[in-house]
Amino acid sequence: MPKTLMCDQKLFEKDLSGQTYIVTGSNSGSGFATAKQLAEQGAHVVGACRRVNAGKEAFADLGNIRGSVEIMEMDLASLASIRSFAEAFLAKYDRLDGLVNNAGVMAVPEGKTVDGFETQFGINHLGHFLLTELLLDTLKASAPARIVNVSSAAHAGMMGASAEVDFDDLNYEKREYNATAAYNQSKLANLLHAKELAKQLEGTSVSTFSVHPGWIRSN
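Residues numbered from 1 in each chain as written. Predicted model: local features only at pLDDT ≥ 70, side-chain atom pairs only at ≥ 80, totals over all residues. Heavy atoms only, no water.

(A) Structural detail: the overall build of the protein chain. When helices and strands are tallied, the protein chain shows five helices and six strands. Along the protein chain, from the amino end to the carboxyl end, the secondary structure elements read β-α-β-α-β-α-β-α-β-α-β. Rg of the C-alpha trace for the protein chain: 17 Å, near the compact-globule value of 17 Å for 219 residues, within the 12% margin. Each of the three principal axes of the protein chain carries a C-alpha extent, and together these read 50 × 45 × 40 Å. Looking at the 219 residues of the protein chain, the share that counts as buried comes to 47%. In the protein chain, of all internal contacts separated by at least 6 residues, the share reaching a separation of at least 24 is 70%. Carbon and sulfur atoms form 50% of the exposed surface of the protein chain, whose accessible area is close to 11800 Å². When the 20 basic and 25 acidic side-chain charges of the protein chain are each reduced to a single mean position, those positions are 6 Å apart. (Helix = DSSP H or I, 4+ residues; strand = E, 2+ residues; numbered from the N terminus. Rg over C-alpha atoms; globule rule 2.2 N^0.38 Å. Buried < 20%, exposed > 50% of the residue type's maximum accessible area, 1.4 Å probe, protein only. Contact = heavy atoms within 4.5 Å. Areas by Shrake-Rupley, 256 points an atom, 1.4 Å probe, with all protein chains shown as cover. Lys, Arg positive; Asp, Glu negative; His and termini not counted. Charge placed at Lys NZ, Arg CZ, Asp CG, Glu CD.)

(B) Quick peek at the packing of helix H4 (residues 119–141) against helix H5 (residues 179–200). Closest axis-to-axis distance for the H4/H5 pair is 7 Å, and the angle between their directions is 20°. Comparing the axis directions of H4 and H5 gives the class roughly parallel. Handedness of the crossing formed by H4 with H5: right-handed. For the pair formed by H4 and H5, the contact residues are Gln120, Phe121, Asn124, His125, His128, Phe129, Thr132 and Leu136 on the first element and Ala179, Ala182, Tyr183, Gln185, Ser186, Lys187, Ala189, Asn190, His193 and Leu197 on the second. Residues that form the contact of H4 with H5 fall into these classes: eight nonpolar, nine polar and one charged. (Axes fitted to C-alpha atoms, helices over the stretch in contact; angles between N-to-C directions. Parallel < 35°, antiparallel > 145°, perpendicular 65-115°, else oblique. Left-handed = near helix turned anticlockwise from the far one by under 90°. Nonpolar A, V, L, I, M, F, W, Y, C, P; charged D, E, K, R; others polar.)

The structure is reproduced here in structure tokens:
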């Protein structure tokens, strides 16, 4: 097995007390690990989860940690749900030090979100795009702050399927549906979103990143 690559271990000792983060899809997998680590370092983490009870269950027994985790409902497949979450968050918090756009689905059967978008493009990209836009002013006011889009190496293609954003057929209404190609399209959109945000936010002390998290045994 190849050696797991890790960041500088000193980063895990950084004091994040007084900082607030949002992690989408924090009830399991990489989202849970991210939220747990931030809370262990003293941050207050808001877990934006479609399944609130699953989120609360996941964080019910974290032991004696320095920070805290709060679960709030948000379904990335519904633009109305995203707007409701942002409204509720902004009514309660006046700062946001980091937004981790982590939640997503992979290679699912053909389907549509509540608003009629292809499932993977709608959830993985458009939902996070809207969430980021709604929280951008607060991130700027809290600077230095950061936005992390969890993309994938699939942004360059995977399993024989190419990766391109087809602006003439984003929702697979003309093309034959290919679950892997649709996933690749959504992950490329995540990367392009981060790159464009970096240009728009230059000079604001809000940093943006697109990351491939590595291969994770998640749900």
